[in-house]
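As a plain string of letters, each chain reads:
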Amino acid sequence: MFRRFPQLFNYSVKDNYEPKLNYFVVEMGRDLKELKEFPQYFSFSLENRIKPRHQACVGKGVCFPLNVLLKTSEAQFHRRLDVCCNSSMPLTKSPLSPIKCRIDSM
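Values in this document were obtained by computation on a predicted structure and should not be read as measured data. Residue numbers restart at each chain and count upward from 1, following the sequence in its written direction. Totals for whole chains, interfaces and linings use every residue, but because this is a predicted model, local features are given only for residues with pLDDT of at least 70 and side-chain atom pairs only at 80 or more, for both listing and counting. Just so you know, side-chain values use all the structure's heavy atoms and leave hydrogens and water out.

A. Up close: helix α3 (residues 46-60). By the criteria applied, helices consist of DSSP H or I runs no shorter than four residues and strands consist of E runs no shorter than two, each listed in order from the N terminus. Here the expected length of a helix is defined as 1.5 Å per residue gap, with one fewer gap than residues. The end-to-end C-alpha separation of α3 is 20 Å, in line with the 21 Å expected for 15 residues at 1.5 Å each. In what follows, residue pairs with any heavy atoms lying within 4.5 Å of each other are defined as contacts. Buried-residue contacts for α3 involve α1 (13-27), α4 (66-71) and α5 (74-85). For α3, the capping residue at the N-terminal end is S45, with a side-chain oxygen 3.0 Å from the backbone nitrogen of N48. Of the residues one or two after α3, G61 is the one with positive phi, at around 70°. Here a polar contact is recorded for every N or O atom pair within 3.5 Å, except that within protein the pair must consist of a potential hydrogen donor and a potential acceptor, and residues adjacent in sequence are included only if both atoms are side-chain atoms.

In structure tokens form, the structure reads like this:
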């Protein structure tokens, strides 16, 4: 993870890693392999970006990959959420394709 995203060395264990990892595992119910693939997760605000977007997805019954969930702009995220909820299932190679995660977490 640190090779993919060296900025991780700058983050506080108590103030950054613990709360975000706890939310990731307990509330989001996601697989830790996702963090290895997308360590930038720790660079996003838990209160202003991660929680609101996760809760929006849970409310719609959708689960995006972490990079789609967090890296897109606010407008693009909501467009993707609308497209995903108001159309047929995307192709499995699409970034909108559902992945395994617990939707009922909240």
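B. Seen up close, the packing of α3 against α5. Axis lines are fitted through C-alpha atoms, for helices just across the contact stretch, and the angle between N-to-C directions can take any value from 0 to 180 degrees. Viewed as axis vectors pointing N to C, α3 and α5 meet at an angle of 15°, and their least axial separation amounts to 11 Å. As judged from the angle between their axes, α3 and α5 are roughly parallel. For the crossing formed where α3 meets α5, the hand is right-handed. Together, R49, R53, A56, C57 and K60 of α3 and E74, F77, L81, D82 and C85 of α5 make up the contact between the two elements. Any angle between 65 and 115 degrees counts as roughly perpendicular, while under 35 counts as roughly parallel, over 145 as roughly antiparallel, and the rest as oblique. For any pair of crossing helices, the crossing counts as left-handed if the nearer helix is rotated counterclockwise from the farther one by less than a right angle, and right-handed if it is rotated clockwise.

C. Inspection of the pattern of salt bridges at higher detail. One speaks of a salt bridge when a side-chain nitrogen belonging to Lys or Arg is within 4 Å of a carboxyl oxygen belonging to Asp or Glu. According to the stated counting rule, one finds three salt bridges in the structure shown. A salt bridge links R30 to E34; the nearest nitrogen and oxygen atoms lie 2.7 Å apart. Overall, R30 belongs to the buried group, its relative accessible area being 7%. The exposure class of E34 is buried, given its relative accessible area of 11%. The buried label applies to any residue whose accessible area, calculated with a 1.4 Å probe on protein chains only, is under 20% of its type's maximum; exposed applies above 50%, and partly exposed to all values in between.

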